[in-house]
Amino acid sequence: ATARRLGVKTVAVYSDADADARHVRACDEAVHIGGSAPRESYLRWQAILDAAKATGAQAVHPGYGFLSENAAFARAVADAGLTWVGPPAAVIERMGDKVRARRFAQAHGVPVTPAADEADDPATFADRAHAVGYPLLVKGAAGGGGKGLHIVREAGELAAAIAAARSESQRYFGDGRLFAERFVERPRHVEVQVFGDTRGDVLHLGERDCSIQRRFQKLVEEAPAPGLDPGLRDRICHAAVTLARASGYVNAGTVECIVSPHGEFFFLEMNTRLQV
């Protein structure tokens with residue numbers, strides 16, 4: 001609807017399951033790209049690029065899941081001569097991957113929770129995750145939207161959580177890499193919207209509280225975050241801008257943090273895409 005008000009024509013791509021979806025009805029054109037399973041449609045790069053070429057599209061907005069934070073797809077779009085609506089592929093590689101982003105944040109003085117990365121040594125991952133302590137979050141390195149994420153409260157649940165997280169991450173994002181981090185009990189979920197331009201300027205538009213969730217999906221977002229200590233607010237927003245500027249971020253992005261009941265904050269992840 002916004003594109004139409006701006007005089008910009010739009011093309012929807014859709015799977016068998018989404019033939020009558022709202023975005024299909026809303027766009028000027030629609031192209032069928034495959035079966036209902038994501039691997040048969042929304043994870044098929046070439047089908048999406050073919051649809052763009054066939055309809056004369058000039059830009060690709062990657063949406064909010066599937067390939068939206070896939071650096072290789074962003075690079076393929078640019079290589080095809082199309083505009084990628086989002087940050088450069090190199091930035092997605094650095095900040096869209098949860099494990100790399102955690103390390104980047106830590107290197108720039110932003111606090112993170114204790115964690116274990118499967119890639120460091122797959123054979124000892126379960127043992128190293130166990131050593132982080134419980135409760136524990138097992139997560140997909142390329143996940144999002146609550147997919148591939150499991151809370152583990154005791155050692156007997158760990159193996160099943162690892163298997164489930166891997167299966168979901170592979171199914172939804174085509175990437176089964178995992179890591180585990182300490183789960184902060186009764187957290188507040190606070191995130192900062194950042195914008196970067198091509199000259200290296202970065203600004204934030206304040207923070208919002210997204211703590212009211214169901215199955216790790218945000219139901220209510222409130223801005224500014226109510227009752228947040230002004231000093232803590234400044235530190236969180238400063239950390240968000242620091243990370244965006246240091247990573248060379250361009251376009252809109254979201255830096256997400258967890259705030260403990262004791263007023264500590266920890267970097268959670270960065271959404272390298274327009275979120276809200």
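These remarks concern the structure in this document.

Parameters at a glance
- Residues numbered from 1 in each chain as written.
- Predicted model: local features only at pLDDT ≥ 70, side-chain atom pairs only at ≥ 80, totals over all residues.
- Heavy atoms only, no water.
- Helix = DSSP H or I, 4+ residues; strand = E, 2+ residues; numbered from the N terminus.
- Rg over C-alpha atoms; globule rule 2.2 N^0.38 Å.
- Buried < 20%, exposed > 50% of the residue type's maximum accessible area, 1.4 Å probe, protein only.
- Contact = heavy atoms within 4.5 Å.
- Areas by Shrake-Rupley, 256 points an atom, 1.4 Å probe, with all protein chains shown as cover.
- Lys, Arg positive; Asp, Glu negative; His and termini not counted.
- Charge placed at Lys NZ, Arg CZ, Asp CG, Glu CD.
- Axes fitted to C-alpha atoms, helices over the stretch in contact; angles between N-to-C directions.
- Parallel < 35°, antiparallel > 145°, perpendicular 65-115°, else oblique.
- Nonpolar A, V, L, I, M, F, W, Y, C, P; charged D, E, K, R; others polar.
- Left-handed = near helix turned anticlockwise from the far one by under 90°.
- Phe/Tyr/Trp six-rings, centres within 6.5 Å; stacked < 30°, edge-to-face > 60°.
- Pairing = 2+ DSSP bridges.
- Salt bridge = Lys/Arg side-chain N within 4 Å of Asp/Glu carboxyl O.

**Considering the overall build of the protein**
- Secondary structure assignment for the protein yields nine helices and 13 strands.
- Taken over C-alpha atoms, the radius of gyration comes to 19 Å for the protein, in line with the 19 Å a tight globule of 276 residues would show.
- In terms of overall dimensions, the protein has a C-alpha envelope of 50 × 40 × 30 Å along the principal axes.
- Within the protein, the proportion of its 276 residues that are buried is 45%.
- In the protein, 53% of the contacts between residues at least 6 apart in sequence involve partners at least 24 apart.
- Approximately 13900 Å² of the protein is accessible, and the part contributed by carbon and sulfur atoms is 53%.
- Here the protein holds 33 positive side-chain charges and 34 negative ones, and the gap between their average locations is 2 Å.

**Concerning the side chain of threonine 272**
- Mapped onto the elements, threonine 272 comes out in the segment after strand E13 (265–271).
- In this structure, threonine 272 is in contact with Ser68, Glu69, Pro87, Val91, Ile92, Met95, Gly96 and Tyr249, ignoring residues within four places of it in sequence.

**Focus: the packing of helix H4 (residues 71–79) against helix H5 (residues 89–96)**
- At their nearest, the axes of H4 and H5 sit 8 Å apart, and the two run at 175° to each other. Between H4 and H5, the angle falls in the class roughly antiparallel. In contact with Ala71, Ala74 and Arg75 of H4, H5 contributes Ala89, Ala90, Ile92 and Glu93.
- Counted by class, the contact of H4 with H5 contains five nonpolar, no polar and two charged residues.

**Describing the packing of helix H3 (residues 45–55) against H4**
- Relative to each other, H3 and H4 sit at 30°, their axes nearing to 11 Å. In this view, H3 runs roughly parallel relative to H4, as classed from their interaxial angle. For the crossing formed where H3 meets H4, the hand is right-handed. Across the interface between the two elements, Trp45, Ile48 and Leu49 of H3 pack against Ala72, Phe73, Ala76 and Val77 of H4.
- Residues belonging to the contact of H3 with H4 are distributed by class as follows: seven nonpolar, no polar and no charged.

**Things to note about the packing of aromatic side chains**
- A full pass over the atoms with the stated rule returns four aromatic pairs.
- Between phenylalanine 73 and tryptophan 84, the aromatic rings sit 5.6 Å apart at their centres with planes inclined by 85°, giving edge-to-face as the arrangement. Of this pair, phenylalanine 73 sits in helix H4 while tryptophan 84 sits in strand E4 (residues 83–84); the two residues are eleven residues apart in sequence, bridging distant segments of the chain. Pair check on accessibility: phenylalanine 73 and tryptophan 84 agree, each one buried.
- Put simply, the rings of Trp45, Phe73 and Trp84 touch in pairs and so form one group of aromatic residues.

**Regarding the environment of glycine 140**
- Tracing the chain through its elements places glycine 140 in strand E6 (residues 136–144).
- Relative accessible area serves as the criterion here: at 2%, glycine 140 is assigned to the buried category.
- Taking C-alpha positions, glycine 140 is 24 Å from isoleucine 236, a pair spaced 96 residues apart along the chain.
- In contact with glycine 140, not counting residues within four places along its chain, are Lys98, Gly148, Ser169, Arg177, Leu178 and Phe179.

**Topic: the pairing of strand E11 (residues 217–222)**
- Sheet topology note: the strand E10 (residues 202–214)/E11 ladder contains four bridges and is antiparallel. Following the sheet pairing, isoleucine 212 is matched in E11 by valine 220.
- Linking E10 back to E11 in an antiparallel pair, the connection comprises two residues, with arginine 215 at a positive phi of about 55°.

**Here's the deal with the pattern of salt bridges**
- According to the stated counting rule, one finds 21 salt bridges in the structure shown.
- Among the ionic pairs, arginine 102 bridges to glutamate 181, the shortest N-O distance being 2.8 Å. A residue pair is termed long-range when its members are at least 10 positions apart, and arginine 102 in helix H6 (residues 98–107) and glutamate 181 in strand E8 (residues 178–182) qualify at 79 residues. Comparing arginine 102 with glutamate 181 shows no difference in burial state: the two are buried.
- Among the salt bridges present, the one from aspartate 201 reaches arginine 199, with a minimum N-O distance of 3.5 Å.
- Of the residues examined, aspartate 201 reaches a relative accessible area of 41% and is grouped as partly exposed.
- What makes arginine 199 exposed here is its relative accessible area of 69%.
- Salt bridges here are not isolated pairs; linked through shared partners, they connect Glu191, Arg208, Lys218, Glu221 and Glu256.

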